[in-house]
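Listed below, chain by chain, are the residues.
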Amino acid sequence: MRLAFADAFRYLRAMAQTWDVIVIGGGHAGCEAAAASARADAATLLLTHKVETIGEMSCNPAIGGLGKGHLVREIDALDGLMGRLADVAGIQFRLLNRSKGPAVRGPRAQIDRSRYRAAMQAELLNYPGLDVRADAVEDLIIKAGRVAGVIGAGGAEYLASRVVLTTGTFLKGVICRGDERIPAGRIGEAPAVGLADRLYGLGLSMGRLKTGTPARLDGRTIDWSALEMQAGDETPTPFSFLSGPIATPQIQCGVTETTAETHRIIAERLSESAVYGGRLGGKGPRYCPSIEDKVVRFPDRTSHQIFLEPEGLDDDTVYPNGISTSVSDATQDLFLRTIPGLERVAVKRYGYAIEYDYVDPRELTASLETRRLPGLYLAGQINGTTGYEEAAAQGLVAGLNAARAARGSEPASFGRDEAYIGVMIDDLVTRGVTEPYRMFTSRAEFRLRLRADNADQRLTARGVALGCVGPERAARFDAKAAALAVARETAKTLNLTPPEAIRAGFNVNPDGQRRTLSQLLAYREIGFEDLRSLWPQIGDWAPEVREQIEIDAAYSGYLGRQDADVEAFRRDEALTLPSELDYARVGGLSNEVREKLIAVRPATLGQAARIEGVTPGALTALLAHVRRPRAA
């Protein structure tokens, strides 16, 4: 009955050509935006160049990593798609920084591209409340100063009061390789030129960025026997809080490196590079440099590490991570064959650089809505970020907020003390970007709280309240939360006197103070199994519950101190600034500070403090002005 109703609903919606929310683009940002909007009960349309490329992993075949894995867990906690589907398609899982503290551990997985793409398409093509169509959007429909829909390449009009743009590298994208310059948003796909012109016409501050990709190699022509091989974790750690044990067969990756001869060839032909040959001017990602950048920036290095990453279980394509390039095909062939294990390698597709338009993210509010055109939301690389995970997280927030706005609800935002998603969006809308933005754990002030392991505890209940978490996840979370509450109470109740602890073999102070299970776990030399021998009942705790109790204990001394920092942060965030504030009337501000405040239009005093160049004196003047009666 439900399917029949859904089919009828979609038919009527299609006839009317009207939706609540339209999402443009089927990449990682667009997929999460469309799904989040539909989960939030908005009639949603996903428009993309080709349905067949929905969920495409255009660059490396991996998801997660340091900082990025935290984002995937947060997307999952809010009932997003990326974590669940990565678990389905993952072919090598590794928990990075395992030897370090839980706050900086990052789940990462090699992904089977075709499995991930197929899983994403199956998910979205059957998603309740979501229509999917193939069309290249060339323009926006604007009425009375608000977005009202979009126009497809063939002139078809699609109407909606909210539109989410997730165009990736398609805005006036140009691929460069050697002397070639090819207008494209992705290899073999046309760029979005009309849409870029419309955004420039709106007066949005825009610029150019670039990224690149290495050649794709034929794995059958690699001498794997000459390489060091790297396996994944013996027991894979899933991304999703809903996933069970990983059942997909796992693979190994090869490890090799460039040589002095590799560097000589590249240095002699550096003029072929898109950047060093002067063909591109956009800034590239600092933390993912091309092999040309490495040769120029590190002239004393005789080698750079390369990871040879298979792209699938049934695909002989290999991604050589670490040698992104834009030199000519001939030069790529030459330098690749100087690398151990690749002496006879065949190239399936040559590497290239791509330059594209982006919008200064300071044009956006924290909901990712543009200030200049109400109803228009931006997410992903169009906002100056790089990476699947950063794009997906923005897509979820933009899609959720577009749906909430369509039904008259207040926008949702996440604080820097709540989520890495909040850290990223605040960084973008407050500071802007001068190079493609990538997430790192070091960007978060409160990373002891913002761990990958507790993303569901931080965000799932919030997602339920916001309307983006479905009943299955809500039920699973409630069950886990109840089990955790019982375990935490038990951990506070079970205790030992110093003599009892000493008799058990624990080295504690004979100070007369009883120590709870939680306090005993905080000792580095006391492990869970030691305490289980005293209290066998704790052996019944589920693995995820036990993990949380152990981490709570390990960080107990630090979290208390961070609580004071969080409270100070929240006090500043509670001091809101009027959206219509006339900064020209605020006394005591330099012209430079005034211009920066006008450009960003911070929502709170705390956000104002994070704008580069805003001094404590300027904040004092701003606070005094706002508190003055009838200040405006």
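Here, the structure is the one placed above.
Everything quoted here is computed from the prediction, not taken from an experiment. (Residues numbered from 1 in each chain as written. Predicted model: local features only at pLDDT ≥ 70, side-chain atom pairs only at ≥ 80, totals over all residues. Heavy atoms only, no water.)

Trainee: Quick question: what am I supposed to make of the overall build of the chain here?
Mentor: Across its full length, the chain holds 20 helices and 22 strands. Computed over C-alpha atoms, the radius of gyration of the chain comes to 26 Å, within 12% of the 26 Å expected from 2.2 N^0.38 for 632 residues, which places it in the range of a compact globule. Counting only C-alpha atoms, the chain reaches 80 × 75 × 65 Å along its principal axes. A total of 632 residues make up the chain; the buried ones form 55% of that total. Considering only contacts in the chain between residues 6 or more positions apart, those separated by 24 or more positions represent 72%. (Helix = DSSP H or I, 4+ residues; strand = E, 2+ residues; numbered from the N terminus. Rg over C-alpha atoms; globule rule 2.2 N^0.38 Å. Buried < 20%, exposed > 50% of the residue type's maximum accessible area, 1.4 Å probe, protein only. Contact = heavy atoms within 4.5 Å.)

Trainee: Sorry, what's going on with the packing of helix α4 (residues 82–89) against helix α5 (residues 113–125) here?
Mentor: A pair of packed helices can be characterised by two numbers: the angle between their axes and the separation between those axes. Viewed as axis vectors pointing N to C, α4 and α5 meet at an angle of 135°, and their least axial separation amounts to 9 Å. Between α4 and α5, the crossing angle belongs to the class labelled oblique. Handedness of the crossing formed by α4 with α5: right-handed. Judged by residue contacts, Met 82, Arg 84, Leu 85, Ala 86 and Ala 89 of α4 engage Arg 115, Tyr 116, Ala 119, Met 120 and Glu 123 from α5. Looking at the contact of α4 with α5, its residues break down into seven nonpolar, no polar and three charged. (Axes fitted to C-alpha atoms, helices over the stretch in contact; angles between N-to-C directions. Parallel < 35°, antiparallel > 145°, perpendicular 65-115°, else oblique. Left-handed = near helix turned anticlockwise from the far one by under 90°. Nonpolar A, V, L, I, M, F, W, Y, C, P; charged D, E, K, R; others polar.)

Trainee: Explain the pairing of strand β8 (residues 146–152) to me, please; I cannot follow it from the model alone.
Mentor: Here is the key point about a regular strand: its side chains alternate between the two faces of the sheet. The buried fraction of β8 is high, at five of seven residues. In terms of strand pairing, strand β7 (residues 137–143) meets β8 through six bridges, oriented antiparallel. Counterpart to Ile 141 in the pairing with β8 is Gly 149. The antiparallel pairing of β7 with β8 creates a hairpin that spans two residues between the two strands, and Ala 144 there sits at a positive phi of about 55°. Pairing of β8 with strand β9 (residues 157–165) involves three bridges; the strand directions are antiparallel. Each bridged residue has a counterpart across the sheet, and for Ile 151 the counterpart in β9 is Glu 157. (Pairing = 2+ DSSP bridges.)

Trainee: What is the right way to read the nonpolar core from this model?
Mentor: A general feature of soluble globular proteins is that nonpolar side chains tend to end up buried together. In this structure, Ile 22, Ile 63 and Tyr 116 are the most contacted members of the largest nonpolar core, which totals 102 residues. What Ile 22 contacts, discounting residues up to four positions off in sequence, is Leu 45, Leu 47, Val 150, Tyr 158, Leu 159, Ala 160, Arg 162, Val 163 and Val 164. If you look at the next biggest cluster of nonpolar residues, it comprises 21 residues, including Ile 291, Val 295, Ile 323 and Leu 342. (Core = buried A, V, L, I, M, F, W, Y, C linked by side-chain atoms within 4.5 Å.)

Trainee: Explain the packing of aromatic side chains to me, please; I cannot follow it from the model alone.
Mentor: Ring pairs (aromatic) are described by centroid distance and by the angle formed between their planes. A complete count under the given rule lists five aromatic pairs for this structure. Aromatic side chains Trp 19 and Tyr 158 sit 6.3 Å apart centroid to centroid with 40° between the ring planes, which places their arrangement in the tilted category. Here Tyr 158 lies in strand β9 and Trp 19 lies in strand β1 (residues 18–24), a separation of 139 residues in the sequence. You'll find Trp 19 and Tyr 158 in the same group, each marked buried. Consider the rings of Phe 446 and Phe 569, whose centres lie 5.5 Å apart with planes at 65°: the pair is edge-to-face. A residue pair is termed long-range when its members are at least 10 positions apart, and Phe 446 in the loop between α11 (420–431) and α12 (455–466) and Phe 569 in helix α17 (residues 543–574) qualify at 123 residues. Like Phe 569, Phe 446 is buried. Its end group placed over the ring of Phe 241, Arg 73 keeps NZ or CZ at 5.5 Å from the ring centre. Over the face of the ring belonging to Tyr 437 we find Arg 443, whose NZ or CZ atom lies 4.1 Å from the ring centre. (Phe/Tyr/Trp six-rings, centres within 6.5 Å; stacked < 30°, edge-to-face > 60°. Lys NZ or Arg CZ within 6 Å of the ring centre and 35° of its normal.)

Trainee: Mind showing me how you'd approach the layout of surface pockets here?
Mentor: Any space left empty among the atoms is revealed by the rolling of a water-sized probe across them. Roughly 1500 Å³ of volume is contained in the second largest pocket. It is α17 that contributes the most residues to the lining of the second largest pocket, twelve residues altogether. (1 Å grid on protein atoms, 1.4 Å probe; cavity = no way out; pocket = protein on both sides within 12 Å on 5 of 7 lines; lining within 4 Å. Points joined across faces, edges and corners; volume = space filled by probe spheres on them.)

Trainee: Help me understand the sheet that holds strand β12 (residues 206–213) in this model?
Mentor: Hydrogen bonding along the main chain pairs the strands of a sheet, whether they run parallel or antiparallel. Pairing within the open sheet is antiparallel, and its four strands lie in the order β11-β10-β19-β12. Pairing within the sheet leaves two strands with one partner each, and these edge strands are β11 (180–183) and β12. Strand after strand, the sheet turns through a mean of 25° between neighbouring axes, direction not considered. In this structure, β12 lies alongside strand β19 (residues 352–359), joined through eight bridges in antiparallel fashion. What sits directly across from Lys 210, in β19, is Glu 355. Packing against the sheet, helix α6 (residues 193–201) makes contact with β12 and β19, and its axis sits at approximately 145° to β12.

Trainee: What am I meant to see in the sheet that holds strand β5 (residues 106–111) here?
Mentor: In spatial order, the strands read β3-β5-β4; together these three strands make up an open sheet with antiparallel pairing. Strand pairing shows two members of the sheet lacking a second neighbour, β3 (62–64) and β4 (90–96), which therefore form its edges. The average undirected angle you get between the axes of adjacent strands in this sheet is 20°. The sheet contact formed by β4 and β5 spans six bridges and is antiparallel. What sits directly across from Phe 93, in β5, is Ala 109.

Trainee: Any chance you could explain the side chain of Glu 390 here in plain terms?
Mentor: Mapped onto the fold, Glu 390 is located in helix α10 (residues 388–406). In this structure Glu 390 comes out as buried when scored by relative accessible area, which is 0%. Side-chain polar atoms of Glu 390 contact the backbone nitrogen of Met 439, separated by 2.9 Å. Apart from residues no more than four positions distant in its own chain, Glu 390 is found in contact with Lys 68, Leu 71, Thr 385, Met 424, Tyr 437, Arg 438 and Met 439. (Polar contact = N/O pair within 3.5 Å; in protein donor to acceptor, adjacent residues only side chain to side chain.)

Trainee: Whenever I open this one, the environment of Pro 436 confuses me. Can you help?
Mentor: Assignment of secondary structure puts Pro 436 in the loop between α11 and α12. For the pair Pro 436 and Lys 283, spaced 153 residues apart in sequence, the C-alpha separation works out to 7.5 Å. Once you skip the residues sitting within four places of it in the chain, Pro 436 turns out to touch Leu 209, Lys 210, Lys 283, Gly 284, Pro 285, Gly 384 and Thr 386.

Trainee: Please explain the environment of Met 57 as it appears in this structure.
Mentor: Here Met 57 is to be found in the loop between β2 (44–48) and β3. In the structure, Met 57 is positioned 69 residues away from Asn 126 in sequence and 21 Å away in space, judged by C-alpha atoms. Setting aside anything within four residues of it in sequence, one finds Met 57 in contact with His 28, Ala 62, Ile 63, Ile 111, Arg 113, Tyr 116 and Tyr 388.

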